[in-house]
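Breakdown of the fold
What follows is each chain in one-letter form.
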Amino acid sequence: MTLKKLAAGSGYEYLTRQVAAADSTELGSTPLGDYYSAKGEAPGHWVGSGLVGLDGLAYGDTVTADHMKNLFGEGCHPVTGTALGRAYRPDAVAGFDLTFSPVKSVSTLWAVAPPEVAEAITRAHDAAVADALAFLEGHAIFTREGTDGVRQVEACGLVAAAFVHRDSRAGDPDLHTHVAVANKVQTRQGKWLSVYGTVLHQYAVAASEAYNTALEHHLAEQLGVRFVDRAAGLAKRPVREIDGVDPTLCRRWSHRRHDIEDRTGELTDEYAAKHGRLPTSKEAIALAQRANLETRAAKHEPRSEADQRTTWRSEAVQELGQRGLDRMIDAVLNPTTSTPQQADERWLREATARVIAELEAQRATWQSWHLYAEAQR
């Protein structure tokens, strides 16, 4: 999971530019069931237990452009437009974009799998996002009261709009969900205040690991797939990927990351030649951010999911051949030593230990990886 701030005013519009309740691009008044053949992303939906404080909205309701403008543009009630505490200033933080992305092997399998398998992967991803949001609501959603916000107080849960996207900026398969968390939470006494952002940022890595762990569990439970450790180069630690998904296909569909890594390497070499030393961690982050911007292409025109899947399957056949692709999918879905994963006490202990280990390993490098993951959108 990556996290970035959303500015008040028009800061949210990149989430609704291609779709917002079927009122943009070519979606028109298309029924929700027809989005597979319509250009653009499916509409967002409302999530978060804080919705109980907003009359006229319920969990799972469709997000509209007017909803987003009211809440994230002006800090008002999404439906009625009435004030929710103080209005946003033009440069205020209107919310936070939490972007949940699975490891590449998940998106790769999702892109080429039979429809029923792809749907199961999407359900597992959605469930893992919900698990991670529940984790954040239990540990990281607070507000502050009193002079200079001296008191940290509990909030009634987050108010958020979730948008599922299918590809990266380069057009590669990249199943991911943007959860736009409003910078508006309600105290137990009914007062609307701002999210205590410092705590939310502190739990970003933990939420990311909660999502990864939950996704692995849901996929193993629903499809019987196995995850294994794979070397990950820059990360200096293994990454848990689906066993049997061909790494060459994953690499083919990682154009953005390759572009950024190549440019970052060039900038690092230039820095070392100029200063006679390698960049510090802070300087390396700045170089990665510069590489991100320099290699960032314009977002492509919206495409239908049907068109995307036709293209991706063709590319996969080019890479592996039709028989090779069929064998890969069969091997992934029918592992020879598959053991169903049970959410028992042992699984909980192992998952907890893995999360703690991941947190310790990632804390120093999370900011750099945040830049790489965000660049793929």
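Remember, predicted model here, so these are calculated numbers, not experimental data. (Residues numbered from 1 in each chain as written. Predicted model: local features only at pLDDT ≥ 70, side-chain atom pairs only at ≥ 80, totals over all residues. Heavy atoms only, no water.)

Our focus in this paragraph is the confidence of the model for the protein. Residues with a pLDDT of 70 or more make up 80% of the protein, whose mean pLDDT is 84. Every residue in residues 20-33 is under pLDDT 50, and counting partners more than four places away or in other chains gives 35 contacts. Note on residues 364-376: pLDDT is under 50 here. Beyond four places in sequence and across chains, it has 35 contacts. (pLDDT = per-residue confidence, 0-100. Contact = heavy atoms within 4.5 Å.)

Moving on: the packing of helix α4 (residues 115-139) against helix α6 (residues 204-223). In the contact formed by α4 and α6, the axes pass within 8 Å of each other and the chain directions differ by 145 degrees. For the crossing formed where α4 meets α6, the hand is right-handed. Of the residues in the contact of α4 with α6, the class split is 18 nonpolar, 3 polar and 2 charged. (Axes fitted to C-alpha atoms, helices over the stretch in contact; angles between N-to-C directions. Helix = DSSP H or I, 4+ residues; strand = E, 2+ residues; numbered from the N terminus. Left-handed = near helix turned anticlockwise from the far one by under 90°. Nonpolar A, V, L, I, M, F, W, Y, C, P; charged D, E, K, R; others polar.)

Now for the side chain of Gln308. Residue placement: Gln308 occurs in helix α10 (residues 305-320). Judged by relative accessible area, which is 1%, Gln308 ranks as buried. If we skip the residues at most four places from it in the chain, Gln308 touches Arg166, Asp167 and Arg303. (Buried < 20%, exposed > 50% of the residue type's maximum accessible area, 1.4 Å probe, protein only.)

With that out of the way, let us pick up the sheet that holds strand β7 (residues 173-182). Spatially, 5 strands are ordered β1-β3-β7-β6-β2 in an open sheet, and the strand pairing comes out antiparallel. The sheet terminates laterally at β1 (2-7) and β2 (45-47), the two strands that pair on one side only. Geometrically, the sheet is characterised by an average inter-axis angle of 30 degrees between neighbouring strands, direction not taken into account. Pairing of strand β6 (residues 160-167) with β7, which is carried by 7 bridges, proceeds in the antiparallel orientation. Directly across from Ala160, in β7, lies its bridge partner Val181. Strands in contact with α10 are β6 and β7; relative to β6, the strand with the most contacts, it is inclined by about 40 degrees. (Pairing = 2+ DSSP bridges.)

A word on the pattern of salt bridges. Applying the stated rule across the entire model yields 12 salt bridges. Taking the shortest distance from any N to any O, the salt bridge between Glu74 and Lys69 comes out at 2.8 Å. For Lys69, a relative accessible area of 41% gives the class partly exposed. Here Asp229 makes a salt bridge to Arg240, at a shortest N to O gap of 3.3 Å. You can see Asp229 sitting in strand β10 (residues 227-230) and its partner Arg240 sitting in strand β11 (residues 239-242), a full 11 residues away along the chain. Salt bridges sharing partners connect three or more residues here, namely Glu216, Asp229 and Arg240. (Salt bridge = Lys/Arg side-chain N within 4 Å of Asp/Glu carboxyl O.)

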